[in-house]
Amino acid sequence: MSAGESKPVVRADRYAVVGNPVAHSKSPYIHAQFALQTGERVEYDRLLAPLDGFVEHVQAFHAAGGRGLNVTVPFKLEAHALAHKLSPRAAAAGAVNTLRFDADGIFGDNTDGFGLVRDIEVNLGAALEGARVLLLGAGGAARGVVLPMLERRPREITIVNRTAPKAHALIEQFEGAAGEFGCLLNGGGPHAVDPNPYDVIVNATAGSLDAALPECDEHAFGARTLAYDMMYGAQHTVFMRHAEALGARAADGLGMLVEQAAESFFVWRGVRPEGAPVLAALRAQLAAQAA
Ligand code: ATR
C-alpha cells in the first residue's frame with residue numbers, strides 16, 4: 001500500500017444480547033473482556049426487543065450483518081423455536097441462549113448448563129464425577145443443566161421440586177441419558193430429599209428472586225457440601241446464607257454467568273476465553289457495590 005492510501009476499514013463482527021429488560025446485562029462487559037483477551041475482532045451490544053417483537057428484532061439484527069446473539073429472559077423459548085438447527089444440549093434444555101447465524105441457517109445452542117458445570121468443577125474445584133447431587137427446582141433453569149451435569153457422570157442426581165409432578169416429568173425426560181452415563185436419577189417433592197449430606201446442592205428455583213428459601217431437609221447440607229445458587233447479587237442470597245449457617249460452602253451464580261458467556265464466545269469464534277480473570281473483575285465490581 002503506498003503512502004497516503006488509506007487502509008480498508010474492516011468492521012468488527014457484531015454480536016449482542018437480546019432480552020427484555022436488558023439494560024443491566026453484564027454480557028457486553030464480559031464479551032468485551034473476552035475480545036481483549038483473545039484478540040478477536042468482536043463488537044457486542046445490548047438489544048432490547050419488545051415482548052411481542054423478538055423474531056423481528058433478531059431478523060433485523062441478522063439482516064444488518066449481525067453474526068450471533070445471546071438470548072436472555074423472556075425469549076429463550078422463542079429462540080429455541082426460531083433456530084433451524086439445535087445442539088443436543090439446547091434440544092434437551094428446550095431453550096436457547098445462544099444463536100449463531102450460519103450460511104445454512106440459524107444454529108441454536110444452550111451454554112447455561114455447561115457454564116454451571118465449568119464453574120463448579122474448574123472455578124470452585126468440586127468434581128461432579130461420582131458425586132451425589134441435589135437439584136432444587138424443575139423449571140426451565142433446572143431443565144437446562146441436567147444433561148451437562150449427567151455428562152460429568154455423577155453417581156446420583158436427585159431432582160426435587162415444590163410441585164412434585166414437574167420433578168417427575170424431568171426425571172422421565174432424562175432417564176435414558178442417566179442410564180447412558182451410569183447415573184442414578186430420582187426425586188419428586190421436597191420429601192424426596194435424602195437427610196444425609198450431598199456433595200453438591202444446586203438451587204435452580206426462582207426462589208432467590210423474592211428471597212424465598214426452597215423447602216429442603218437441613219441434613220442435606222454438610223461441611224463438605226457445595227451449595228450453589230444460580231442467582232447472584234451484591235449480597236449473599238438467602239439460600240447461600242442458609243447453607244453457610246448449616247456449615248456448607250456456598251457459591252452464587254456469577255461464575256456460571258461468565259462461563260456460559262465463554263462457551264457462547266467459543267460457539268461463535270472457535271476460541272475459548274479464560275473465564276477466571278473476568279469473574280474476578282466482576283466479583284470486585286460487585287464487592288464495590290456492596291461496600
Ligand atoms: P426458571 O426458568 O427460572 O426455572 P420457571 O420455569 O418458572 O423459571 O421455574 C421456577 C422454578 O422455581 C420452579 O421449579 C418453581 O417451583 P414450582 O414448579 O413448584 O412452581 C420454583 N420456585 C419458585 N418459587 C419458589 C419458592 N418460593 N419455593 C420453592 N420453589 C420455588
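Fair warning: this is a prediction, and the values are worked out from it, not measured in the lab. Note on numbering: residues in each chain are counted from 1, in written sequence order. Selection of residues for local features in this predicted model requires a pLDDT of at least 70, selection of side-chain atom pairs for listing and counting requires 80 or more, and totals for whole chains, interfaces and linings are taken over all residues. Calculation of side-chain values draws on the structure's entire complement of heavy atoms; hydrogens and water are dropped beforehand.

(A) Broad picture of the sheet that holds strand β2 (residues 42-48). Strand pairing requires that DSSP identify at least two bridges connecting the strands. Segments assigned H or I by DSSP are reported as helices when at least four residues long, segments assigned E as strands when at least two residues long, and all are numbered from the N terminus. Sheet architecture is open: six strands sit in the order β2-β1-β3-β5-β6-β4, paired in mixed fashion. Of all strands in the sheet, those bounded by a partner on one side alone are β2 and β4 (85-86). As paired strands, strand β3 (residues 68-71) and strand β5 (residues 98-102) are joined by three bridges and run antiparallel to one another. From the neighbouring strand, asparagine 70 faces β5, where its bridge partner is threonine 98. Strands β1 (13-19), β2 and β3 of the sheet are contacted by helix α1 (residues 27-38), whose axis makes an angle of about 170° with β2. Together, β1, β2, β3, β5 and β6 (105-109) form the strand contacts of helix α9 (residues 254-269), whose direction differs from that of β5 by roughly 10°. Two residues qualify as a contact provided that any one of their heavy atoms is within 4.5 Å of a heavy atom in the partner residue. Whenever a helix is involved, its axis is fitted only over the stretch in contact; in every case the axis is a line through C-alpha atoms, and angles between N-to-C directions fall within 0 to 180 degrees.

(B) View of unusual backbone geometry. Look at the link from asparagine 20 to proline 21: it is a cis peptide, with omega at 5°. Mapping proline 21 onto the fold places it in the loop between β1 and α1.

(C) Spotlight on the side chain of glutamate 156. Mapped onto the elements, glutamate 156 comes out in strand β8 (residues 156-160). Polar side-chain contacts of glutamate 156 include one of 3.2 Å to the side chain of asparagine 186. For glutamate 156, the contacting residues outside a window of four places in its chain are Ala131, Arg132, Val133, Cys183, Leu184 and Asn186. By the criterion applied in these results, polar contacts are pairs of N or O atoms within 3.5 Å in which, for protein atoms, one can donate a hydrogen and the other can accept it, and in which residues neighboring in sequence qualify only through two side-chain atoms.

(D) How the structure looks around the state of the cysteines. The disulfide criterion is simple: two cysteine sulfur atoms within 2.5 Å. If you walk through the whole model with that rule in mind, you get zero disulfides. Cysteine cysteine 183 remains unbridged, with the sulfur of cysteine 216 as its closest cysteine sulfur at 17 Å. Summary of the burial criterion: residues with accessible area below 20% of their type's maximum are buried, those above 50% are exposed, and those between are partly exposed, where the area comes from a 1.4 Å probe applied to protein chains only. Judged by relative accessible area, which is 8%, cysteine 183 ranks as buried.

(E) Seen up close, the nonpolar core. Nonpolar cores are built from buried Ala, Val, Leu, Ile, Met, Phe, Trp, Tyr and Cys residues. Side-chain atoms within 4.5 Å join them into one set. Leu116, Ile120, Leu135, Met149, Leu150, Ile157 and Ile159 are the most contacted members of the largest nonpolar core, which has 35 residues in total. Elements that contribute at least two residues to this core include exactly α5 (112-123), β7 (132-136), α6 (140-150), β8, α7 (164-180), β10 (200-203) and β11 (226-229). Not counting residues within four places of it along the chain, the set of residues in contact with leucine 116 comprises Val145, Met149, Val202, Tyr228, Met230 and Met256.

(F) Region of interest: the domain arrangement of the protein chain. The domain boundaries assigned to the protein chain delineate domain 1 (13-110) and domain 2 (113-254). In this structure, domain 1 and domain 2 have C-alpha centres spaced 27 Å apart. Every contact between the two is made by seven residues of domain 1 and, on the other side, eight residues of domain 2. Contact between domain 1 and domain 2 buries roughly 580 Å² in total, counting both sides, with carbon and sulfur atoms accounting for 58%. When the buried surface of domain 1 facing domain 2 is broken down by residue, Arg89, Ala92 and Ala93 rank first, second and third, together holding 64% of it. Salt bridges are identified by distance alone: a Lys or Arg side-chain nitrogen within 4 Å of an Asp or Glu carboxyl oxygen. The interface formed by domain 1 and domain 2 contains zero salt bridges. In terms of residue class, the side of domain 1 that touches domain 2 is built from three nonpolar, two polar and two charged. Residue ranges for the domains originate in an automatic or database domain assignment. Summed over both partners, the accessible area lost on bringing two parts together, with a 1.4 Å probe, is the buried area. Polarity classes work like this: nonpolar for Ala, Val, Leu, Ile, Met, Phe, Trp, Tyr, Cys and Pro, charged for Asp, Glu, Lys and Arg, and polar for all others, with Gly in that last group.

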